[in-house]
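Below are the chains, spelled out letter by letter.
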Amino acid sequence: MASLTVVGCGALNWDCLYRVSQLVTDGESVVEESFEAPGGSAANTIYALAHWGLRAGFIGAVGDDDEGRRILADFESVGVDTQRLRVVKGQRTGRVIGLVDSKGRRSLYVQPAANLTLRLTESDVTYAAQAQWVHLSSLVGEEALESQKEFALCLPKEVMVSVAPGMLYARRGIRAIEPLLRRATVLFLAREELALLTGTENLEAAAQQLWGLGIEILVVTLGEQGSWVGSKGKGRFAPSVQAHVVDTTGAGDAFAAGFLWGLLNGRPLPECQRLGTIAAAFCLRALGARTGTPTLDELLAVAFE
């Protein structure tokens, strides 16, 4: 097998999304449309990078069921190497139940299932060490998290690491995931995740905390307000691109894919930020995390028109 450019590691889920007239608490709402497809934060990012021509692989676990087989097939359709994916006998594939309202806002509920069994090994480290870059997202459960932290610390120093903690890791706070943060070159966070992780809603103060851990590039997505990218003590805001928002599921993962494609192709940070912005805008226009993924030509044409 040819050496890989990027390897991902994180939860592999089957997304079950339901469009509802409104999100309610202790009430009732009508399901207007439903949609099912492969998902998982790092998995969505790796899917897009492979779709854009990068040699990519993934480390994760699925159940021995139809959903697991469909997740494998979706990866293989864009050339993702799946040799380090575990198919766990007697387990169901992880599942996310998502409710999406008319404005694209969502509420997600996770059934981790086979993801709980993932324990990263020396063979996984050897596999990932051939890549230029490793991209990590959250796993459910203490043992899985500890395994992921050890995995990250065992990677050779020349392998760059990016982390997308998501809400699950952000809620734990800096101390709980500090080994991952200290190993990260790039950290991807939504604004709400940044506040949860650092304990402050002040962007500059939060950035100083994270830069102090050795993170080189901090990427914060701000929804309709755009994004902020900080490096070497300085940050840059960029506006969002106007899009008809159908579903926000996977928009942050798409942003990460565009940004990482730029980095891996030697683009300066403002161009990486632009690529992330455009990739996210494409994602927002369709139901599901991967449905709106553009071709590379489409991405570049819109980003640099």
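For the structure given in this document, a descriptive report is provided here. Just so we're clear, the structure is a prediction, and the values are computed from it rather than from any experiment. (Residues numbered from 1 in each chain as written. Predicted model: local features only at pLDDT ≥ 70, side-chain atom pairs only at ≥ 80, totals over all residues. Heavy atoms only, no water.)

1. Structural notes on the overall build of the protein
Inference 1: A count of helical and extended segments in the protein gives eleven helices and 13 strands.
Inference 2: Taking 305 residues into account, the globule formula puts the C-alpha radius of gyration at 19 Å, and the protein, at 18 Å, falls close to it.
Inference 3: Classification of the 305 residues of the protein by burial places 54% in the buried group.
Inference 4: When contacts within the protein are restricted to residue pairs at least 6 apart in sequence, those whose partners lie at least 24 apart make up 71%.
Inference 5: The average position of the 28 basic charges and that of the 34 acidic charges among the side chains of the protein differ by 4 Å. (Helix = DSSP H or I, 4+ residues; strand = E, 2+ residues; numbered from the N terminus. Rg over C-alpha atoms; globule rule 2.2 N^0.38 Å. Buried < 20%, exposed > 50% of the residue type's maximum accessible area, 1.4 Å probe, protein only. Contact = heavy atoms within 4.5 Å. Lys, Arg positive; Asp, Glu negative; His and termini not counted. Charge placed at Lys NZ, Arg CZ, Asp CG, Glu CD.)

2. Some remarks on the packing of helix 1 (residues 41-51) against helix 9 (residues 251-264)
Inference 1: In contact at an axis separation of 8 Å, helix 1 and helix 9 are set at 45° when each is read in the N-to-C sense. Looking at the two axes, helix 1 sits oblique to helix 9. Viewed along their axes, helix 1 and helix 9 form a crossing whose handedness is right-handed. Contacts between helix 1 and helix 9 involve S41, N44, T45, A48 and L49 from the former and D253, A256, A257, L260 and W261 from the latter.
Inference 2: A per-class count over the contact of helix 1 with helix 9 returns six nonpolar, three polar and one charged. (Axes fitted to C-alpha atoms, helices over the stretch in contact; angles between N-to-C directions. Parallel < 35°, antiparallel > 145°, perpendicular 65-115°, else oblique. Left-handed = near helix turned anticlockwise from the far one by under 90°. Nonpolar A, V, L, I, M, F, W, Y, C, P; charged D, E, K, R; others polar.)

3. Quick notes on the pattern of salt bridges
Inference 1: Here the structure, examined in full by the defined rule, presents 13 salt bridges.
Inference 2: For R86, the salt bridge is made with D124, and the minimal N-O distance between the two is 2.5 Å. Linking R86 in strand 5 (residues 81-88) with D124 in helix 3 (residues 122-129), this pair joins segments that are 38 residues apart in sequence.
Inference 3: Judged by relative accessible area, which is 21%, R86 ranks as partly exposed.
Inference 4: Linking E271 and R267 is a salt bridge whose minimum nitrogen-to-oxygen distance equals 3.1 Å.
Inference 5: Using a relative accessible area of 28% as the deciding quantity, one classes E271 as partly exposed. (Salt bridge = Lys/Arg side-chain N within 4 Å of Asp/Glu carboxyl O.)

4. Quick look at the environment of E36
Inference 1: Topologically, E36 is positioned in strand 3 (residues 31-39).
Inference 2: Along the chain, E36 and T185 lie 149 residues apart, while their C-alpha atoms are 33 Å from each other.
Inference 3: Leave out the neighbours within four places in its chain, and E36 touches W14, D15 and C16.
Inference 4: A distance of 2.9 Å separates a polar atom in the side chain of E36 from a polar atom in the side chain of W14. (Polar contact = N/O pair within 3.5 Å; in protein donor to acceptor, adjacent residues only side chain to side chain.)

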